[in-house]
Amino acid sequence: MPKPEEILGQFLGDASFPVAWDSEVEKDFFWVYDDLHCPHPVSPMFFDIGGWWLTCDHMFRRFGTPFAVDWLAKNINGYVYTTAIPPDPALRIDSTEYSARYGARVPRDADFGATMGAYLDTVLPVYGDQFADWWRDRFRPEMERNFVYLEARLDAAERMTLAEVACLLEDAIDIHDRHWKIHWMLNFAQLSATLNLRAVMEKTRGTVDEELLGRLQNSASDRNWDSIEALWRMKDEVRGDPDLRSAFAADGLAGIVEALRATERGGRFISERITSYQREYGWHAVWSHEFIFPTLREQMEPVIKLVRGYLETDYDYPAAIEAMRLDIEAAAREILDGLTGAALEEMRTANAVNLRMAPLTPDHHFYIDQGANAHLRLVLMAAGRKLVEAGRLDQPDDVMFLRYNELRALIGGADAVDGRVLVAARRAERQASEQVRPRDWIGTATSSQLAFPYLVNWGYPDRFYQKQSADERKVTGLGASPGVIEGVARVVLTVDEFDEVRDGDILVCQMTNPAWVVLFTKIAGLVTDTGGTTSHPAVLAREFGIPAVVGTSVATHRIVTGDRLRIDGSTGLVEILRNDSTDSALRPSVPVGL
């Protein structure tokens, strides 16, 4: 059990947001709503086999972390909440993984937490110094081989039996598990590089320049930029071809697709450009940490929408990438300014490691957060199609509403479970959960739990102490990308609203991931409900040089599209500059669970 310490806050459930605790021990932990990855109600299949938390015990074991040994997830009212487990041999706390009871892995050695820190300190610099080489020479080729295998089998799935697809699913689960273990190695390596640069900056300059540090963590060469370049090239090809321009002038996405298919030139553009883009860059959905949402690999319309958006803004990729490259070079010079001798060499060495690691942030999204999850989704869909053919389900994505072992039982025999009844009930539960506003956290908050290093990605401990003004025209968050700007708010909660974003809008949303990158070529500022200064929206905002405020918890509930905003990306203040006559009926409603 954790040592008794001062309770800073506690929420164990109430009528508006009930919490079903499986044990008294669970109540002692600080459970954070995972709006960073899973802001929507989670599907049973993703919770069982897709969650990032499934491999965290491997991370903590490999590095010998003294502050945590496991990371557990709990489904509360349809939403994912997670908590870190300390190295306490007396602790007994259960969770669920792969439809099975899972006990948190705690050490038998009572001195583990006190003695293992030295091991972490010894090995972590090696990861920071050498991981970029490991990634290039070992891990990236390994993951690419895995994808080649899965994609070849998926191409042949129609000719496979249900049993063969079931075996492919187990392969995909094993590959998913492996990629996420690589993810955590990379994550700690990046942590080492960043912590070392911060330490050297403080040692040589007496303070840490957060803005400069953020600029140095940007990248001008990664798979994210590769994807943007491919879209830009398609945009330029359309702009330079009258037949393609005419097709893209059609009404709606369906109209564009129909116009493209109606001509030989348009047909070639689809086969040579759109389909090619889908096969290389389409392995992600608008929300990557879930199996419910279709990927770009499965449908061409989202790619058409991206190209059309680039046409409308006439996005200039060469100028953007050159500006990024020059800014990184300028920041690398700035961090050395005024240093001499040993201090100069120490800083140069630390930043060289940091710059080598920077591209791995977007690259690991491509191969792991997006790629591993998307490939597993498509194998699940292949299994779903076989079950539809066998008359056991109504549509392929019904499999996402089954538990892992329920799916396997249904594959084994039509009478094992009533798949249709289960799916109907789970779909109804998900719809009910969508009406609930999840709390930011539940359980018990203490200083030691708030100090868990990874919580910074969700904006803690700052978000815990953050208080919103009684004046609803002010929203407080975390300054994530510097600058002050005024503009019109555009609240985006679904991919269907992407088309509504206009040049110069201030995007207001729950969270972003790499699938939202196209919007960053248009927007002038960003405000999110969740995230900390190291989260995806913060990093991307700094890459694109736009002011950003993250981790507000309330932005999408206080702000409506059309509000005029002033955001300060340094202080974290968002001001709603609307008239007092603004119709209060336009304010978002606040469901249960606030």
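Model, not experiment: these values are computed from the prediction.

## Things to note about the side chain of Thr-530
Phase 1: Within the secondary structure, Thr-530 sits in the loop between β12 (525-528) and α20 (536-544).
Phase 2: The class for Thr-530 is buried, based on a relative accessible area of 1%.

## Examining the sheet that holds strand β2 (residues 30-33)
Phase 1: Spatial strand order, β1-β7-β2-β4-β3: five strands in an open sheet with antiparallel pairing. Both edges of this open sheet fall to β1 (7-11) and β3 (70-76), since each of them pairs with a single strand only. Strand-to-strand twist across the sheet, computed as the mean angle between neighbouring axes with direction ignored, equals 30°.
Phase 2: As paired strands, β2 and strand β4 (residues 79-85) are joined by two bridges and run antiparallel to one another.

## Remarks on unusual backbone geometry
Phase 1: In the segment running from Tyr-460 into Pro-461, the intervening peptide bond is cis, with an omega of 10°.
Phase 2: You can see Pro-461 is positioned in the loop between α17 (447-450) and α18 (462-465).
Phase 3: Positioned with a positive phi, Asn-77 is a non-glycine residue whose angle comes to about 55°.
Phase 4: If you trace the backbone, Asn-77 turns up in the loop between β3 and β4.
Phase 5: Under the relative-accessibility criterion, Asn-77 is labelled partly exposed at 27%.
Phase 6: Backbone geometry places Ser-553, a non-glycine residue, at a positive phi of 70°.
Phase 7: Looking at the element boundaries, Ser-553 is found in the loop between β13 (548-550) and α21 (555-558).
Phase 8: Note on Ser-553: relative accessible area 13%, which makes it buried.

## Quick notes on the nonpolar core
Phase 1: Core analysis: the largest hydrophobic core is formed by 170 residues, its most contacted members being Trp-71, Phe-131, Leu-380 and Trp-516.
Phase 2: Top element by residues in this core is helix α5 (residues 162-205). It accounts for 16 residues.
Phase 3: Once residues lying within four places of it in the same chain are set aside, the contact partners of Leu-380 are Met-45, Ile-49, Leu-169, Phe-291, Val-399, Met-400 and Leu-407.
Phase 4: Of all hydrophobic cores here, the second largest spans 14 residues; its members include Val-475, Val-491, Val-527 and Leu-565.

## With respect to the packing of aromatic side chains
Phase 1: For the structure shown, the criterion picks out 47 aromatic pairs.
Phase 2: Between the aromatic rings of Trp-52 and Trp-458, the centroid separation amounts to 5.9 Å while the plane-to-plane angle is 45°, which identifies the pairing as tilted. Of the two residues, Trp-52 is situated in the loop between α1 (44-49) and α2 (56-63) and Trp-458 in the loop between α17 and α18; the sequence distance between them amounts to 406 residues. The exposure classification of Trp-52 matches that of Trp-458, with both residues buried.
Phase 3: Relative to Tyr-367, the ring of Trp-135 has its centre 6.0 Å away and its plane inclined at 75°; by these criteria the two rings are edge-to-face. Of this pair, Trp-135 sits in helix α4 (residues 117-155) while Tyr-367 sits in helix α14 (residues 360-389), and the two are 232 residues apart along the sequence. This pair shows no difference in class: Trp-135 is buried, exactly as Tyr-367 is.
Phase 4: The aromatic ring of Trp-134 is capped on one face by Arg-138, whose charged end is 5.7 Å from the ring centroid.

The rules we used
Residues numbered from 1 in each chain as written. Predicted model: local features only at pLDDT ≥ 70, side-chain atom pairs only at ≥ 80, totals over all residues. Heavy atoms only, no water. Helix = DSSP H or I, 4+ residues; strand = E, 2+ residues; numbered from the N terminus. Buried < 20%, exposed > 50% of the residue type's maximum accessible area, 1.4 Å probe, protein only. Pairing = 2+ DSSP bridges. Axes fitted to C-alpha atoms, helices over the stretch in contact; angles between N-to-C directions. Core = buried A, V, L, I, M, F, W, Y, C linked by side-chain atoms within 4.5 Å. Contact = heavy atoms within 4.5 Å. Phe/Tyr/Trp six-rings, centres within 6.5 Å; stacked < 30°, edge-to-face > 60°. Lys NZ or Arg CZ within 6 Å of the ring centre and 35° of its normal.

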